[in-house]
Amino acid sequence: MYSGVLARYSEFLPVTPATPRITLGEGDTPLVRSPRLEKELGCGELYFKLEGCNPTGSFKDRGMVVAVAKAVEAASAAIICASTGNTSASAACYGAICGLSTIVIVPRGNIALGKLAQAIVYGAKILAIDGNFDQALEMVRTLVEKHPVTLVNSINPHRIEGQKTAAFEIVDSLGEAPDFLFIPVGNAGNITAYWKGFVEYYAAGKSSQKPRMMGFEAEGAAPIVRGERVPNPETVATAIRIGNPASWKGAVAARDESGGVIDSVTDDQILEAYRLMASKGGVFGEPASAASLAGLLKWSGKLDLSGKRVVCVVTGSGLKDPDTAMRGSPSLVELPAEVSDVERALGWGT
Ligand SMILES: *Cc1c(COP(=O)(O)O)cnc(C)c1O
């Protein structure tokens, strides 16, 4: 039986005999091939890593299970995070199973509905500030210096440690590292974690190559691409609406050491990829997750992908953000419950 990230990859994680092996079944997510899209894009093989299949619907669970286990080991009674939504859902969930009180600070009005619903039901204390994510993170950094509470944002190194297990799984599934990894970049913890995972697995002899890391910010929230902080980041992809990434250096190192790229994609490109990923790939990710495929669409003409193995990380579930899914969709056709009315509506005239 699968027993979670802490048990499966313990030899690569900062666990001791005293670390509780808590789990909700995080990790072990599907790596699915997309024959239809790989043909259109001219890739040898295209795969989606479905991180929306984690217990709270995003990859954050991989890092949170480690961070919360270490908090319990350290006898902490409370955890705190700033969040664009998914970190708070995950912290609230793992905090709940360990009996820790969980405090989340979120930017008011900029959290997708499903994520807020999760934090509420898991029982977190939720504080919505009149400010953005970067301000929330600054606040949390200050609070943990003054109060005995454990910070579980990705500046907590245990988060990165847990998140690197997704790279291990990709290599374990393919029997080799892919040629390219496309990934959204927000606070930049995840691209940092994947690169760490690929490097460690390569060093352990589990793969004979490492992928080129292709990271994508949203154009209105692209500090790494611009080379400067963005004071008022804006994008439909709220999970990557970040103007001063905590793991900025890690992302740049991943790019440079792998011969990769950090580029940006527009909201229109993100939304186009978001719909395409579902309509042709069968994968319903949240808008931020679609930055991977949007990046691949943008770069497929510039890279020679024939015969290459490409993985796009789908960081979170589309069900998190029903508002974006419904926006711009045609309104429902409402009809009497009569066969003839349905036939007429379908243009199947009688
Ligand atoms: C957190 C998150 C991201 C961004 O990851 P970073 O580690 O902040 O770069 C992307 N997509 C989703 C769905 C997320 O929850």
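Right above here is the structure, for reference.
Conventions adopted
Residues numbered from 1 in each chain as written. Predicted model: local features only at pLDDT ≥ 70, side-chain atom pairs only at ≥ 80, totals over all residues. Heavy atoms only, no water. Near = heavy atom within 4 Å. Polar contact = N/O pair within 3.5 Å; in protein donor to acceptor, adjacent residues only side chain to side chain. 1 Å grid on protein atoms, 1.4 Å probe; cavity = no way out; pocket = protein on both sides within 12 Å on 5 of 7 lines; lining within 4 Å. Sits in = over half its atoms within 2 Å of the grid points. Nonpolar A, V, L, I, M, F, W, Y, C, P; charged D, E, K, R; others polar. Axes fitted to C-alpha atoms, helices over the stretch in contact; angles between N-to-C directions. Helix = DSSP H or I, 4+ residues; strand = E, 2+ residues; numbered from the N terminus. Parallel < 35°, antiparallel > 145°, perpendicular 65-115°, else oblique. Left-handed = near helix turned anticlockwise from the far one by under 90°. Contact = heavy atoms within 4.5 Å. Buried < 20%, exposed > 50% of the residue type's maximum accessible area, 1.4 Å probe, protein only. Pairing = 2+ DSSP bridges. Expected span 1.5 Å × (residues − 1).

Trainee: How should the site of the ligand be read in this particular structure?
Mentor: Around the ligand sit 16 residues in total, of which Lys-60, Asn-86, Asn-187, Asn-190 and Thr-315 are the nearest. Between the ligand and Lys-60 there is a distance of 2.6 Å, counted from an oxygen atom to a side-chain nitrogen or oxygen. At a separation of 3.2 Å, an oxygen atom of the ligand approaches a polar backbone atom of Gly-189. The site holding the ligand turns out to be the largest cavity. Split by residue class, the shell around the ligand holds 6 nonpolar, 8 polar and 2 charged.

Trainee: Any chance you could explain the packing of helix H3 (residues 60–73) against helix H4 (residues 86–98) here in plain terms?
Mentor: A pair of packed helices is captured by two measures, namely the crossing angle of their axes and the spacing between those axes. Running from N to C, H3 and H4 cross one another at 40°; their axes reach a closest spacing of 9 Å. Here H3 is positioned oblique relative to H4, judged by the angle of their axes. The two elements H3 and H4 meet at a crossing, and its hand is right-handed. Of H4, the residues touching H3 (which contributes Lys-60, Asp-61, Met-64, Val-65, Val-68 and Val-72) are Asn-86, Thr-87, Ser-90, Ala-91, Tyr-94, Gly-95 and Cys-98.

Trainee: Mind showing me how you'd approach the pairing of strand S2 (residues 45–50) here?
Mentor: A regular strand carries its side chains on alternate faces of the sheet. Burial within S2 is extensive, with 5 of its 6 residues counted as buried. Where strand S1 (residues 31–33) and S2 come together, 3 bridges link them in antiparallel fashion. Counterpart to Arg-33 in the pairing with S2 is Tyr-47. The pairing of S2 with strand S10 (residues 309–314) spans 6 bridges and is classified as parallel. From the neighbouring strand, Lys-49 faces S10, where its bridge partner is Val-313.

Trainee: When you look at helix H9 (residues 189–203) in this model, what are you seeing that I'm missing?
Mentor: Since the α-helix turns once every 3.6 residues, residues separated by three or four places project in the same direction. In a regular helix each residue adds 1.5 Å, so 15 residues correspond to 21 Å; H9 covers 21 Å between its end C-alpha atoms and thus fits that length. Within two residues after H9, Gly-205 carries a phi angle of roughly 80°, on the positive side.

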